Amino acid sequence: MCLRARTDRLEGEAMQEFVYTAQSVRVVFGVDAWSRLNAEAGLLGAGKALVLCTPRQRALAQRALDALAQRGAGIYDKAAMHVPLATVQDAGIAARQMETDCIVAIGGGSTIGLAKALALESALPILAVPTTYSGSEMTSIYGVTEDGQKKTGKDDRVLPRTVIYDPALTLKLPLGISVASGLNAMAHAAEGLYARDGNPVLALMAEEGIRAMAGGLRRLARRGDDADARSESLYGAWLCGTVLGGAGMALHHKLCHTLGGSFDLPHAQTHSVVLPHAMAYNAAAASPAMQRISRALDRPGLPAAEALHDLAQELGAPLALRDIGMRETDLDRAADIASSKPYWNPRPIDRDGIRALLQRAFEGARPA
Ligand code: NAD
């Protein structure tokens, strides 16, 4: 019998040289995976785990502390968007007072971000239990905000050691946050497909991640408590987050960082508005990536940018920067900032092209 390796390459696409570094994260996935919290914390050697959460998720954190029993030390419930330095310092004091030996982060990117900031100083192991789709749990990227500036970096110490994905914990995630954080996740996968340091393994994960996330979100838009759709979306979140952890990002993330950091636009919603336009800008320079995105969205005949725009519309996501707090008078400055420092992108960054992109995104026009 002759076996042929199944490859995912597009017709005529050559195999590229690549470097692949696998990330060492233990992933426990499934409905009720959460019931393994105590055992998983034990595998990390936890004896005094500090549970982190936002004020809104305090009840869930209390359930975690109860489940941790003698391994739990206490709860810090002031995790906040963009990881303010004052919060990191305050949580650090709590961790030291409790002589914490493990951080259990339950929540979205904000809570996991606080865990990372603590681990950066203390090298404490993180056990993450994500309850949104943002994917921060699969990366060694951290960020802390001081005086309105978010400083980001990469450090292996902040990569969670164990991640428990339990779709049941996402059943009550409001549809708006589900869609916004899901499209945010898809943006990581989309840019991973044309990353300069991408590789075939991440490409497989990226395409499958987009497929799972889009499929899950389409079903959730019809019925938010569809348990199977929640599983599909969370599986997509894991894949998309892994791509973000393994490959560098480009124009799309630079634009979102600019709009969030300098104009205070909401993180996930900004991603969902900008993504189709960033893909349109890069379309001609990253054709195989675009074909994969269209294929993953089940719209193989449509340009990826338009397929993403249609998906956002179908899911009721915001389509225009003007609807999420951007002022038209700030577009010139945004274009200046986004094109000022050079960074890699499949299509070279030109200021006029970026300004035109921002205008279309501002108006919510179909990407061109
Ligand atoms: P979030 O963590 O800010 O959570 C948004 C709100 O949803 C919070 O009030 C939270 O309490 C609530 N919430 C979370 N899960 C819930 C649930 N299951 N049910 C009900 N409410 C729930 O949102 P996010 O989109 O997950 O994270 C955004 C942040 O993550 C941004 O600051 C972004 O920069 C960061 N991020 C970092 C990385 C990274 O690799 N470092 C990757 C992606 C995002």
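All values derive from a computational prediction rather than experimental measurement.

What about helix α9 (residues 267-282)?
In a regular helix each residue adds 1.5 Å, so 16 residues correspond to 22 Å; α9 covers 21 Å between its end C-alpha atoms and thus fits that length. Along its length, α9 shows its largest kink, about 40°, at Val274, and proline Pro276 lies within four residues downstream of that point. In terms of burial, α9 is a largely internal element, 14 of the 16 residues being buried.

Thoughts on the side chain of Thr145
Mapped onto the elements, Thr145 comes out in strand β6 (residues 141-146). In this structure Thr145 comes out as buried when scored by relative accessible area, which is 18%. At 2.5 Å, the side chain of Thr145 and the backbone oxygen of His82 are in polar contact. Contacts of Thr145, omitting those with residues within four sequence positions, involve His82, Val83, Pro84, Leu85 and Lys150.

Here we look at the site of the ligand
Close contacts around the ligand come from 25 residues, with Thr54, Ser110, Thr131, Thr132 and Thr139 the closest. A distance of 3.2 Å separates an oxygen atom of the ligand from a polar atom in the side chain of Ser134. Protein chains bury 86% of the 870 Å² of accessible surface belonging to the ligand in isolation. Of the residues belonging to the shell around the ligand, the class tally is 7 nonpolar, 14 polar and 4 charged. Structurally, the shell around the ligand is a two-domain feature, drawing no fewer than three residues from each of domain 1 (26-170) and domain 2 (175-363).

Here's the deal with the domain arrangement of the protein
Entries for the protein in the domain assignment read domain 1 (26-170) and domain 2 (175-363). In this structure, domain 1 and domain 2 have C-alpha centres spaced 26 Å apart. Facing 21 residues of domain 1, the contacting portion of domain 2 comprises 24 residues. Here domain 1 packs against domain 2, burying approximately 1,700 Å² in sum over the two surfaces, 67% of which is carbon and sulfur. A per-residue breakdown of the area domain 1 buries against domain 2 is headed by Phe29, Tyr133 and Met138, which together make up 37% of the total. In this assembly, domain 1 and domain 2 are joined by 0 salt bridges. Across the domain 1-domain 2 interface, the total number found is 4 residue pairs in polar contact (both at pLDDT 80 or more). Counting residues per element, the ones that place at least two in the side of domain 1 that touches domain 2 are β1 (26-29) and β7 (149-154). Per-element tally for the side of domain 1 that touches domain 2: the top contributor is β7, with 3 residues. Considering only residue class, the side of domain 1 that touches domain 2 consists of 9 nonpolar, 8 polar and 4 charged.

Quick word on the packing of helix α5 (residues 175-193) against helix α7 (residues 227-246)
Between α5 and α7, the least distance of the axes is 8 Å, while the angle of their chain directions is 40°. The orientation of α5 relative to α7 falls into the category oblique. Helix-helix and strand crossings are classified by hand; for α5 and α7 the assignment is left-handed. Touching Ser178, Ala185, Met186, His188, Ala189 and Gly192 of α5 are Arg230, Cys240, Val243 and Leu244, all from α7. Looking at the contact of α5 with α7 residue by residue, the class counts come to 6 nonpolar, 3 polar and 1 charged.

Description of the confidence of the model for the protein
Residues of the protein with pLDDT of at least 70 account for 98%, and the chain-wide mean is 94. Within the model, the stretch residues 1-6 combines pLDDT values under 50 with 0 contacts to residues more than four positions away or in other chains.

Side note on a nonpolar patch on the surface
A surface patch of nonpolar side chains, amounting to about 370 Å² of accessible area, comprises Met15, Phe18, Tyr20 and Val201. Along the chain, the position of Phe18 falls in the segment before β1. Residue classification places Phe18 among the partly exposed residues on the basis of a relative accessible area of 42%.

Details of unusual backbone geometry
Positive phi, close to 50°, is recorded for Val83, a residue that is not glycine. Within the secondary structure, Val83 is located in the loop between β3 (72-76) and α3 (85-97). Note on Val83: relative accessible area 5%, which makes it buried. Positive phi is not limited to glycine here, since Ala123 has a value of about 60°. Using a relative accessible area of 40% as the deciding quantity, one classes Ala123 as partly exposed.

Some details on the environment of Ala69
The residue Ala69 is located in the loop between α2 (58-68) and β3 in this model. Taking relative accessible area as the criterion, Ala69 reaches 40% and is therefore assigned partly exposed. Sequence separation between Ala69 and Gly47 is 22 residues, and the spatial gap between their C-alpha atoms is 9.7 Å.

Parameters and conventions
- Residues numbered from 1 in each chain as written.
- Predicted model: local features only at pLDDT ≥ 70, side-chain atom pairs only at ≥ 80, totals over all residues.
- Heavy atoms only, no water.
- Helix = DSSP H or I, 4+ residues; strand = E, 2+ residues; numbered from the N terminus.
- Expected span 1.5 Å × (residues − 1).
- Bend = angle between axes of the 7 residues up to and from the residue.
- Buried < 20%, exposed > 50% of the residue type's maximum accessible area, 1.4 Å probe, protein only.
- Polar contact = N/O pair within 3.5 Å; in protein donor to acceptor, adjacent residues only side chain to side chain.
- Contact = heavy atoms within 4.5 Å.
- Near = heavy atom within 4 Å.
- Areas by Shrake-Rupley, 256 points an atom, 1.4 Å probe, with all protein chains shown as cover.
- Nonpolar A, V, L, I, M, F, W, Y, C, P; charged D, E, K, R; others polar.
- Domains from an automatic or database assignment.
- Buried area = accessible area lost by both parts, 1.4 Å probe.
- Salt bridge = Lys/Arg side-chain N within 4 Å of Asp/Glu carboxyl O.
- Axes fitted to C-alpha atoms, helices over the stretch in contact; angles between N-to-C directions.
- Parallel < 35°, antiparallel > 145°, perpendicular 65-115°, else oblique.
- Left-handed = near helix turned anticlockwise from the far one by under 90°.
- pLDDT = per-residue confidence, 0-100.
- Patch = residues over 30% accessible without salt bridge, like charges linked within 9 Å, V, L, I, M, F, W, Y side chains within 5 Å.

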